[in-house]
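# Secondary and tertiary structure notes
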Amino acid sequence: MAIEKLITTIESNYPGFKEKTVFNTELYKNHKTAALEKSGIFDNQECIKVLNEYASFFKDEHIYIEEKAENNQDTIEIDYQKQEKPEIEAKRLESNIFYIRISSFKYENIAPVKELIVKNKKYIEKSKALIIDVRDNFGGTDDVYQPLLPYILTNPLRIMNVEFLSTPTLINGLRNYALQNVPKDSLRAVQQIEDDLKEYKENLGEFVLYDGKKVTVDTIQLYVKSPKEIIVLANKHVASAGENFLFSVRQSKKVKILGTPSMGVLDYGSIREFKLGCDNYTLYLPTYRSARLPHYPIDNIGIQPDVYLDDTVDDWLDFAIKYIKG
């Protein structure tokens, strides 16, 4: 039964399970019991509702279930919205204000963002202020925004590392990914992969700190010519890698974040696929937790703006321009 497999998978593989149930043991027990009872009443068409209702207990947008559509071609992804506008845009708003909008940090946008920066290098460097609009950016990979950091930062970047919950699924996933990048007949390379996985294999069910340290200090080479003021526009639909961007750039002395608190989906990540024992449902589940926890949680709180824009502000971009001009 899919619900039973879902429960077992989350209880043994979700890195936030203990933290989110330890003080709510009875509440969770009742929630699980209710889900099991409902699963015996509904037919397959209602099953996805029961699965999502159970998963909602953990209040983690990185936990989601994919349902295969009846035509076996399309899928329904829970908790994700499609973008209609172009995801990348750049333009001069005024002679000394440059604007960049990136509404997705998906992998495919790495090259376009690099090209955008190269193409507009002289405009960016001559601008007094740079507005970076990441509204509605649900995330992707940090590699997309890396080329912008030399213009944004003023000091070394402190990055909190992550702790992976060591499970067979994680180990197999890391192994399979690594094997894709080595010759199949290279026994030495295969052995090196197994050696790299040794700590995970020796600590099944425990957390393993990535790279062996909680904090990494990244001294990024800054550009000599860069805007003196950086405005970042962010709203409640900024999540995951989008929030990682906010978390990083707010360390710069010349950055102000304008908007609303972000979604709050940054404490757990590195999603992997888990089968639920039937063809129509696939579970996607985080495999690590941030080393910030439990002292500095972001989930369901969000990253707070420096200047909150309430619902009386209709045009955020116009507000940002006026804010720059003082």
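To start, this report covers the structure provided alongside it.

### Brief notes about the nonpolar core
Nonpolar side chains in soluble globular proteins generally cluster together in the buried interior. In this structure, V134, V232, F245 and L246 are the most contacted members of the largest nonpolar core, which totals 35 residues. Contributions of two or more residues to this core are made by β4 (97-102), α5 (110-119), β5 (129-133), α7 (149-152), β10 (229-234), α11 (241-249) and β11 (255-259). Residues contacting F245, with those up to four places away along its chain left out, are F105, I132, V134, Y145, I152 and V232. Listed in part, the 26 residues of the second largest apolar core include I3, I48, L51 and I63.

### Brief notes about the packing of aromatic side chains
Counted by the stated rule, this structure contains 19 aromatic pairs. Plain terms: the ring middles of Y151 and Y223 are 4.5 Å apart, the flat faces sit at 55 degrees to each other, and that makes the pair tilted. Here Y151 is found in helix α7, whereas its partner Y223 is found in the loop between β9 (215-218) and β10, with 72 residues between them in sequence. Ring geometry for F164 against Y210: centres 6.5 Å apart, planes inclined by 65 degrees, an arrangement best described as edge-to-face. Pair noted here: F164 is in strand β7 (residues 162-165) and Y210 is in the loop between β8 (207-209) and β9, with a separation of 46 residues, a long-range link. Exposure remark for F164: the relative accessible area of 10% places this residue in the buried category. Cluster of aromatic residues (ring-pair linked, three or more members): Y14, F17, Y28, Y54, F57, F58 and Y268. Across from the ring centre of F247, 5.5 Å away, lies the NZ or CZ of R292, which sits over that ring.

Thresholds applied
- Residues numbered from 1 in each chain as written.
- Predicted model: local features only at pLDDT ≥ 70, side-chain atom pairs only at ≥ 80, totals over all residues.
- Heavy atoms only, no water.
- Core = buried A, V, L, I, M, F, W, Y, C linked by side-chain atoms within 4.5 Å.
- Buried < 20%, exposed > 50% of the residue type's maximum accessible area, 1.4 Å probe, protein only.
- Helix = DSSP H or I, 4+ residues; strand = E, 2+ residues; numbered from the N terminus.
- Contact = heavy atoms within 4.5 Å.
- Phe/Tyr/Trp six-rings, centres within 6.5 Å; stacked < 30°, edge-to-face > 60°.
- Lys NZ or Arg CZ within 6 Å of the ring centre and 35° of its normal.

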